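One-letter residues, chain by chain:
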Amino acid sequence: MSDSSLFVSPLVRRAARNLHTVEWLPENNTWFFAWFCRQDFWRTRRMMAMTSDEAAAWLPALAFAVSCEKDPYVLAELARWPLPEPLPPEALPWRDRLIQVWEQYPADTTAATTKEKTIRLAALVRLDRRAERLPEWLTEARRALNLEWYDRDLRLAALAGWRPRPGDAPPHGDKAEAAQAWVRFWEERYRTSHWGPNDLIAATALLHLTEAGWLPSGPSPERLREEFRQLVQQWTVSYHEQSVLLMSLASFSVGSPSPEQQDITGWLELTRGDVDWRKREAVWEMLAAWQREGILERSGRGRLPAGRGRLREPPLLLPLARTLEWESEDDVLWAMAGYIPGAAEVSAHPKAARAVVARWEALSRNSNWEIRQAAWVARWNLLRAGVLTAEEQGRFGADYVDAVEFAPGAAALPTLAQITPPGTFPLATWAGELSNQGDLNRLAARLAIHGWLVDLAGGGQRRQVRQALRRAGQEGAAGTVVPFVNLPREVRPDFRRLHEIETALAAGQMPPPPNAGMENQPMSHVVPARLPEFHPRTGPTGITGQTTGRTAGSEPPARHLFPEAGRHE
């Protein structure tokens, strides 16, 4: 096989690796039958630090996952995937494919539950922001008024997340009627609602319209933001309303053009211990999203003014450190794991930074497996952001191996399988789990080893990787022979399929289904049966583009670009 994958762009190469892994996972029975494994996988991926390109590179894999998934809880997680703006041109067809598969879910719309239909709409209004869809969204909003209150609120919260595309003015001519009716619908809800969730939902919808310039005579963005915060503060959130709160704050966090007007101090008041944990979770998720989108930095938090040695506003690193001392709700800790302090914050408050690292280290050994998951994601995020010292990186690697070998329960292992430790990949440690009697242990080990091999093979160095693997077992620098482990066939990548995916994505197309037309051809798992116990793994690359403790190979020049095609942007 020729190495034409050397000439595809880094984004396509990364997307091909992600899709290949997600296609491979259903071959494992535990993955296929255990919905919580799939939900945890996608939550872990969503909360791990990503650049915009890295998030976009998951879109083909996400489309494949949605097309195969039947469980509503997993689909609800898939619907929350962050969509970077603006998308790279190469990723626009992938976004369009994702819209297409969400349009087709559920396959039997007549038998679909109300929750399944709401999940579908929540995904579509975030992905497809064309004004041409407003007649459809308006029809759905009016239908929602006839649902039971808990279904109605969730459906309206999903629809309220629709935002005009950047630069889109209110439609004129024949298209203006639907847009005006959409505005009137939410203005009426805003005026007549007298109950927490309804007020919150209507304020969210109007805020999106106001910030886009679609509501020149309505309430100002500043007024809506402040009302929104007060509504969250005053609202007593029930079990059924938690999803409405999360969806509303997630929608509220995106696209804000005026960060200096965000009352961040007021929001921090809602992270105190005497506040309902559901609110604490939603607010930390929002604050983490603001940090990722640069809103906090543009508002003065986490930024050093020119010529001054102090931050203009207190950073969130300090309340993060204080909150971590007492917070014990796993869902809140998951939300906090997504907050990654900036370099200026760490430089200005080194003691707080070290306290945050130490606390996440302690939580990664907690007896609660969900807390361990969240803590490992947080430690990975801090590693990628360059926050960890050399000593802390060393502890990360040692703790990682200990966690794989001696974890008090296997539920957190699939999260560890998605994390790259500093230094060398502990192949022998993971290979030891392949013979474990626990289904989750074996699944995690297969995922970790398969991911390592796919990263090597798909990193633009396939020929060199194969040569290195074939030479495995020769004498090392000190004249010693590297130990070996046996790897079963099911963990080895299908290089032919990986090449097929890369070729299709580089041509602006989605690849054919796995094994299409390959029934009579042998699978090209061209990896030797025996591999060295340790092998350098390139990366992880920091979210600033710098490697953390290792030297990453240079990316080859891009060659393929997507042709112009019908798009929604």
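**Description of the overall build of the chain**
For the chain, the count of helices and strands is 28 helices and four strands. Counting every position in the chain, which comprises 569 residues, the buried fraction comes to 56%. Partitioning the contacts of the chain with sequence separation of at least 6, the portion at a separation of at least 24 is 75%. With an accessible surface of roughly 24400 Å², the chain has 51% of that area assigned to carbon and sulfur atoms.

**Here's the deal with the packing of helix H11 (residues 176-192) against helix H12 (residues 196-211)**
Between H11 and H12, the shortest axis-to-axis distance is 8 Å and the interhelical angle comes to 140°. Relative to H12, the crossing made by H11 is left-handed. In this structure, H11 uses Trp-182, Val-183, Trp-186, Glu-187, Arg-189 and Tyr-190 to contact H12, whose residues at the interface are Asn-198, Ile-201, Ala-202, Ala-203, Ala-205, Leu-206 and Leu-209. For the contact of H11 with H12, the residue count by class is ten nonpolar, one polar and two charged.

**What about the packing of aromatic side chains?**
What the rule picks out here adds up to 20 aromatic pairs. Summarising the aromatic geometry, the rings of Trp-102 and Tyr-105 are spaced 5.9 Å apart at their centres and angled 85° between planes, so their arrangement reads as edge-to-face. What makes Trp-102 buried here is its relative accessible area of 1%. An angle of 85° between the planes, with centres 5.4 Å apart, marks the rings of Trp-149 and Tyr-150 as edge-to-face.

**Overview of the nonpolar core**
Ranked by size, the top nonpolar core spans 161 residues in total, and within it Trp-42, Trp-102, Trp-360, Trp-430 and Ile-449 carry the most contacts. Counting residues per element, this core draws most heavily on helix H26 (residues 439-457), at eleven residues. Aside from chain neighbours lying at most four places away, what touches Trp-360 is Leu-324, Leu-333, Met-336, Ala-337, Ala-374, Ala-375, Ala-378, Arg-379 and Leu-382.

**Here we look at the side chain of Glu-241**
Relative to the helices and strands, Glu-241 is located in the loop between helix H13 (221-234) and helix H14 (242-253). We note that Glu-241 is buried and unpaired, the nearest opposite charge coming from Arg-152 at a distance of 8.0 Å. Among the polar contacts made by the side chain of Glu-241, one reaches the side chain of Trp-235 at a distance of 3.2 Å. A distance of 3.0 Å separates a polar side-chain atom of Glu-241 from the backbone nitrogen of Ser-238.

**Overview of helix H10 (residues 149-159)**
Across the eleven residues that make up H10, a large majority, eight, are buried. Every buried residue belonging to H10 is among Arg-152, Asp-153, Leu-154, Arg-155, Leu-156, Ala-157, Ala-158 and Leu-159, and all of these are buried.

**Some words on unusual backbone geometry**
The peptide bond linking Glu-85 to Pro-86 adopts the cis configuration, its omega dihedral lying at -5°. Tracing the sequence through the fold places Pro-86 in the loop between helix H6 (72-78) and helix H7 (92-103).

What counts and how
Residues numbered from 1 in each chain as written. Predicted model: local features only at pLDDT ≥ 70, side-chain atom pairs only at ≥ 80, totals over all residues. Heavy atoms only, no water. Helix = DSSP H or I, 4+ residues; strand = E, 2+ residues; numbered from the N terminus. Buried < 20%, exposed > 50% of the residue type's maximum accessible area, 1.4 Å probe, protein only. Contact = heavy atoms within 4.5 Å. Areas by Shrake-Rupley, 256 points an atom, 1.4 Å probe, with all protein chains shown as cover. Axes fitted to C-alpha atoms, helices over the stretch in contact; angles between N-to-C directions. Left-handed = near helix turned anticlockwise from the far one by under 90°. Nonpolar A, V, L, I, M, F, W, Y, C, P; charged D, E, K, R; others polar. Phe/Tyr/Trp six-rings, centres within 6.5 Å; stacked < 30°, edge-to-face > 60°. Core = buried A, V, L, I, M, F, W, Y, C linked by side-chain atoms within 4.5 Å. Lys, Arg positive; Asp, Glu negative; His and termini not counted. Salt bridge = Lys/Arg side-chain N within 4 Å of Asp/Glu carboxyl O. Polar contact = N/O pair within 3.5 Å; in protein donor to acceptor, adjacent residues only side chain to side chain.

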